[in-house]
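# Summary of the model geometry
If you want the building blocks of each chain, they are given just below.
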Amino acid sequence: MAHKSGFVNIIGNPNAGKSTLMNALVDDQLSIITPKAQTTRHRIIGILNQSDYQIVFSDTPGLVNPHYKLQESMMMSIHSALQDADVFILLSDLGEDFKNSEVIEQIKSSNVPIILLLNKIDLSNQEEIATKIEEWKQKLPMAQILPVSALHKFNMDGVIAMILEHLPEAPPYYPKDEVSDRNLRFFVSEIIREKILLHYQKEIPYSVEIVVESYVEGKDIDKIRALIYVERESQKAIIIGNKGAALKRVGKEARQKMEKFLGKQVFLELYVKVMKDWRDNEKILKRFGYEI
C-alpha cells in the first residue's frame with residue numbers, strides 16, 4: 001500500500017476551538033486549551049502517524065486584527081502557514097464568521113483543498129446546523145463541509161478520511177515516533193502559561209511570557225527553573241499574590257500536569273520578572289522566539 005504524507009493547516013478565529021481540534025486529531029495534548037480567546041501564540045505542529053500515512057497538523061494563532069507587535073507576529077505565523085499546506089482546515093462554529101477576510105481570500109485563491117469544519121455542534125440543533133451549512137456552501141462553494149465536536153471527538157474519523165482524500169503519496173516528513181516538532185522546554189512553558197490563563201483575569205494572562213531558564217533531565221526527576229515575564233510591577237504583584245499563594249497554586253498545578261505529560265517527577269521553580277512593554281518591543285519578541 002502506498003504511503004501518504006502531507007501538511008494540514010488549521011485556521012480559525014481565536015474562540016473556534018483550534019487547539020481542542022488538533023489535540024483530538026492527534027490524540028495528545030500538544031496545544032494548551034483554556035476558555036479564553038487568543039490562547040495560541042505560536043504555530044504548533046502535531047503529527048499523526050499510522051502505518052500508511054503521516055498527517056502533519058499545524059495549529060496556528062487565531063485570526064485577529066493586530067493591535068500590537070506580538071499580535072502582528074502571531075499573524076505572520078499564519079501567513080507562513082499558508083505557504084506549505086496540502087490541505088486547509090477552516091474551523092468555524094455556528095455563531096461566527098471569520099474576522100480576517102484577507103487570510104480567507106488568500107486561502108480561497110490558493111487552489112489548495114479546503115475542509116470547513118463546523119465545530120461545537122453539540123451546542124446546537126439540526127435545523128441550525130443545516131442552515132449554517134447552506135450559508136457556507138454559498139460563501140465557499142469549493143470547500144468540503146463537515147459538522148464536528150472537537151471537545152467530544154465527534155466525527156474525527158470523518159475529518160481524517162477527508163484529509164486522506166487529498167494527501168499526496170510521499171514518505172513521512174518526520175520520524176514515525178515523533179508527535180511534534182517542539183521540544184520539552186516549549187511544552188513546559190506552555191503548561192505554565194495555560195495555568196496562568198486559567199487563574200488570572202482581564203489583561204494579566206495576555207501580558208505574560210514564559211521562559212524556561214534551565215531544564216535538567218534526570219532518570220527519575222526533571223529539575224526545571226522558569227521565569228514568568230510581565231509588563232508592569234502591578235502585574236508582578238498580582239501573579240505572586242498574597243504571601244505568594246497565587247504563584248504557588250500555578251506552580252503546583254503546572255508541576256502536576258508536567259508530571260503527567262513527562263511520566264516522571266518534576267521539581268519546578270517559578271520566578272516573576274518585569275519586562276516593560278515587551279509585547280510591543282521587536283528586539284524582545286525576537287529573543288522570545290517570535291517571528292518579526
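Anyway, here's the lowdown on the structure attached to this text. As a convention, each chain's residues are numbered from 1 in the sequence order in which they are written. Residue-level local features of this predicted model are given only where pLDDT is at least 70; pairs of side-chain atoms are given and counted only at 80 or more, and the full residue set underlies all totals for whole chains, interfaces and linings. Side-chain calculation: all heavy atoms of the structure are included, whereas hydrogens and water are not.

### Let's talk about the pairing of strand β7 (residues 209-216)
DSSP calls a pair of strands paired once it identifies at least 2 bridges connecting them. Working definition: helices are DSSP H or I runs of at least four residues, strands are E runs of at least two. Numbering for both runs from the N terminus. Note that β7 and strand β8 (residues 221-230) share seven bridges and pair antiparallel. Of the residues in β8, the one forming a bridge with Ile210 is Ile228. Where β7 hands over to β8, the hairpin turn is made up of four residues, counted between the paired strands.

### Considering the pattern of salt bridges
Between Lys or Arg on one side and Asp or Glu on the other, a salt bridge is scored when a side-chain nitrogen of the former is within 4 Å of a carboxyl oxygen of the latter. Inspection of every chain in the model, using the stated rule, returns ten salt bridges. A salt bridge links Glu134 to Lys137; its shortest N-O distance comes to 3.6 Å. Of this pair, Glu134 and Lys137 both sit in helix α4 (residues 126-139), three residues apart, roughly one helical turn. Judged by its relative accessible area of 44%, Lys137 is partly exposed. In this structure, Glu194 and Lys195 form a salt bridge, with 3.7 Å as the shortest nitrogen-oxygen distance. Per residue, the accessibility class of Glu194 equals that of Lys195, and both read buried. Counted as one network, the salt bridges with shared partners bring together Glu194, Lys195 and Lys257. Working definition: with a 1.4 Å probe on protein chains only, accessible area under 20% of the residue-type maximum means buried, over 50% means exposed, and in between means partly exposed.

### Points about the sheet that holds strand β3 (residues 53-59)
Two pairing modes exist for strands in a sheet, parallel and antiparallel, and in both the strands are linked by backbone hydrogen bonds. Within the open sheet, the six strands sit side by side as β2-β3-β1-β4-β5-β6. Their pairing is mixed. With one partner strand each, in any of the chains shown, β2 (44-50) and β6 (144-147) form the two edges of the open sheet. Sheet twist, expressed as the mean angle between neighbouring strand axes with direction ignored, is 25°. Axis definition: a line fitted to C-alpha atoms, over the contacting stretch in the case of helices. Angles run 0 to 180 degrees between N-to-C directions.

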